[in-house]
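Listed below are the residues making up each chain.
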Amino acid sequence: MIKVEGVAKSYGSIKVLDNVSLEIKAGKTVGIVGPSGSGKTTLLRVIAGLDTADRGIVTIDGIPASIPELVIGPSGRNISAVFQVPALWPHMTVQENLDYVHTRERGNAKGLMESVGLSMLVDRNPSELSGGEARRVSIVRGLLADRKYLLMDEPLVNLNPQLKSMLHEVIMEWTVGKRMGVLYITHDRKELDYADIVYVLSHGLLETES
Amino acid sequence: MGETTVSTGKRPDLSSVASFILLFIFFMPLVQSIAQTAMDALGDPEIVWLAVPVGRRLTLLVNSFGLAASVSLSVAVLGVLAGSYLLSINEGFWGKARWALMLTAPVPPYIHALTWSTTMMFLKDSLGAYGSSIPLSGFFMSYCVNVLAYLPLGVGLAMVGFMLVESEAVEAARLVKDDYRVFTDIVLPLAMPTISTVLGLVFILVVTDFSVPTLYSFNVYSLEVFSEFSASNSTSNSLLLSLPTLAATFALLSVSIRGLRSTVQSSSVARFSGFNGWRLPEWFEGAQVTAVLVCVAQFVLLVGGLIVETGSPQSLWFALTAGSDDVVTTLIISISGAIIGGALGYLLMEKLEEGAQWWFLLSLPLALPSSLVGISLILGYNTWLPAVYGTMLMPVIAVVTRFTSLAAIIVYAQKRKMNRLLFDAAELFEVRKNDALWRVKLPLQMQGITAAALILFAFSLGELGATLLVVPPGSETLTIRIFNYLHYGGSEEVAGLCLVMAVVMMTLSGLAAYAYNLSEGKMK
């Protein structure tokens, strides 16, 4: 379980996170909605160890990971992520991007790529993909990394409704099947219908959705 | 309803006019030199053998390539190590102070030579019997001075290369691999275009320079070209002799241009914030700290060494008054060069958008040995514009020829940082003729043009190879005066002149960086 306790972060005089606490349990999905600039991405970065908080503790499976100083680096946290932008490594092909995070069964990668309709594109470079294709590859990459937790930051933004619905199903099937703990951040409440618990983050304050 | 005028006429293309001017002042003499060489070779085919390095010339070529390769490789490795360490210090005083290490970039290697020689002599004397094995001339000294001189360029470019890597791509990798693997697998390959530019540029700068090797009695090929011209006064012989180095510099230039283009054109991409909080192996951090210490040493040795050697403010004053005529000559050349080159650079910038061929063409003067630029200018202007030949315009033309491309690249990089729509909108909404140019484009790019002119000023101050050949009889620049003094060993006077030169160059590069960053703030 990932446990976030009393995390606070400010940029100058602007409070981005204010005493935020939550838990992400294995096999469960935690959703966070909130407007732009409400601190959603900062929270994800603090949990992933890509940023440090000013106050508060992040523990992962009972081990302190940020106190708030970094105790465990990003790669040691058993966390995978899908970012707001695809963030594919441009000097690697699609297949190499997937191989970099997933060194075991290639069959998994092939199956996932087929399920998102991209199995023909594995030999392409990221620069040869459309925006939607790159986003789908980044989702597959995030799912494939053999990690216990998955953090997703607006993974379906700017995709058409059909594609959104298809990817939504793929993500749900995979994360439930693998009993992954998921933090799903979005500003579109509809994407969180399947979440076990939904929080609203506004002006740095996290509240359970009423 | 107001009356509107629709202009269908094509505007005069200012960048084409500028490129014609540059082509005329530089390529006309070069083309004439090539034509002269071809005619001479037809008359006496034997001279073609000058282009084939055999015997002593082969040894010189090996010396030149060996020195250039070892210096460029060392600068690139030290640049990557020091640059990555400096990028982990993002905040506070040191976050700003780290950039001060790069201020010495325009200081020419022969000024570093003065303080390095004194340091090594001091070490040799202090170590007594142990110091007897320290060489005070030859390859070792030339190598050390060149590495120290070009290290700020290497560190600065490596830092820019790292900063242009897409931040999210690095963070995605950090979640699945340890930080050292992310550095070697993701950050380094993505920064490689800029790092390859360091390798190529430093190789070209070292292989075309003879000032440092000649101070340490290390024979190199570029000195042979200069000596041949001094002895025979033959442009053809010098050009033919240059061919082996030209082949190497042209090949490297084409590779470096690709890296440089991608670096400049990526300047609009979101920046990688740095290596703050990264966990890297101890041996690697040790190597990083060592590289930073070398970088700090070049700064301290240069500034501290020159201050100590100058001795007192009286010595400094004496040096300046003794060389006052040369100071005036130098200022006339550098200021004129900065104004003309800065303006031409702005106009030529448009050409850089038209493709790789213009990058190659405009960068050519940077890749040619400076003495060859001077030799071509002598032939060209002596033949076609004798009224200009022998006047103070010649050294101005020499510095404009050598460094205008640098100005164009700086202005272009600044433009790439801005939203293209600002310029498109200015064209679209223009009411009066040239409003877009005077009221939008120039004001938006003024900081870039200022930065380019300041850098051109700094580089013109230190130009030696071409100026030495074309300066009017009876005149001398500060650089020539220093270079002549250096051959007779260090003295308070030469140290004073070098100190003034170094401080002015560092101030200019600091102001250039400030002007360039001002434009960045304006775009936020």
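Keep in mind it's a predicted model, so treat the numbers as computed, not measured.

Thresholds, definitions, all that
Residues numbered from 1 in each chain as written. Chains lettered and ligands numbered in written order. Predicted model: local features only at pLDDT ≥ 70, side-chain atom pairs only at ≥ 80, totals over all residues. Heavy atoms only, no water. Helix = DSSP H or I, 4+ residues; strand = E, 2+ residues; numbered from the N terminus. Rg over C-alpha atoms; globule rule 2.2 N^0.38 Å. Buried < 20%, exposed > 50% of the residue type's maximum accessible area, 1.4 Å probe, protein only. Contact = heavy atoms within 4.5 Å. Areas by Shrake-Rupley, 256 points an atom, 1.4 Å probe, with all protein chains shown as cover. Lys, Arg positive; Asp, Glu negative; His and termini not counted. Charge placed at Lys NZ, Arg CZ, Asp CG, Glu CD. pLDDT = per-residue confidence, 0-100. Domains from an automatic or database assignment. Buried area = accessible area lost by both parts, 1.4 Å probe. Salt bridge = Lys/Arg side-chain N within 4 Å of Asp/Glu carboxyl O. Polar contact = N/O pair within 3.5 Å; in protein donor to acceptor, adjacent residues only side chain to side chain. Pairing = 2+ DSSP bridges. Phe/Tyr/Trp six-rings, centres within 6.5 Å; stacked < 30°, edge-to-face > 60°.

**Let's talk about the overall build of chain A**
A count of helical and extended segments in chain A gives 5 helices and 10 strands. In terms of C-alpha radius of gyration, chain A reaches 17 Å, essentially the compact-globule figure of 17 Å for 210 residues. Projected onto the principal axes, the alpha-carbon positions of chain A cover approximately 50 × 35 × 35 Å. For chain A, buried positions account for 55% of its 210 residues. Contacts spanning at least 24 positions in sequence make up 67% of the contacts within chain A whose residues lie at least 6 apart. Here chain A has roughly 9200 Å² of accessible surface; of this, 50% comes from carbon and sulfur atoms. Both charge centroids of chain A, one from 23 positive and one from 25 negative side chains, sit 2 Å from each other.

**Here we look at the confidence of the model for chain B**
Residues and elements named next belong to chain B. Mean pLDDT over chain B: 84, with 94% of residues reaching 70 or higher. Across chain B, element-level confidence peaks in helix 2 (residues 56-86) with a mean pLDDT of 94 and bottoms out in helix 17 (residues 420-428) with 73. Segment residues 1-10 is flagged for pLDDT under 50; beyond a separation of four residues in sequence, or across chains, it makes 0 contacts in the model. Listed scores for the predicted complex are pTM 0.82 and ipTM 0.80.

**Considering the domain arrangement of chain B**
All names here are of chain B. Each assigned domain of chain B is listed here: domain 1 (10-43 + 311-524) and domain 2 (57-309). Using only C-alpha atoms to locate each centre, domain 1 and domain 2 end up separated by 22 Å. Of the roughly 4300 Å² buried where domain 1 meets domain 2, counting both sides, 76% is carbon and sulfur surface. For the domain 1 face of the interface with domain 2, the top three residues by lost area are Trp-359, Ile-375 and Met-506, together amounting to 14%. Along the contact surface separating domain 1 from domain 2 lie 0 salt bridges. Inspection of the domain 1/domain 2 interface yields 6 residue pairs in polar contact (both at pLDDT 80 or more). Sorting the residues of the side of domain 1 that touches domain 2 by element identifies helix 1 (14-43), helix 14 (356-367), helix 15 (370-384), helix 16 (393-416), helix 18 (435-462), helix 19 (465-470), helix 20 (478-486) and helix 21 (492-523) as the ones contributing at least two each.

**Let's talk about the pairing of strand 10 (residues 205-208) of chain A**
Residues and elements named next belong to chain A. As paired elements, strand 9 (residues 197-202) and strand 10 share 4 bridges and run antiparallel to each other. Paired with Ser-202 across the two strands is Leu-205, which belongs to strand 10. Hairpin connection from strand 9 to strand 10: 2 residues lie between these consecutive antiparallel strands, with His-203 at a positive phi of about 50°.

**Comments concerning the packing of aromatic side chains**
Residue and element names in this part refer to chain B. Enumeration according to the criterion identifies 18 aromatic pairs over all chains in this entry. For the pair Phe-162 and Phe-275, a centre-to-centre distance of 5.5 Å together with 90° between the ring planes defines the contact as edge-to-face. Of this pair, Phe-162 sits in helix 5 (residues 139-163) while Phe-275 sits in the loop between helix 10 (235-265) and helix 11 (282-310); the two residues are 113 residues apart in sequence, bridging distant segments of the chain. As far as the burial class goes, Phe-162 and Phe-275 line up, both buried.

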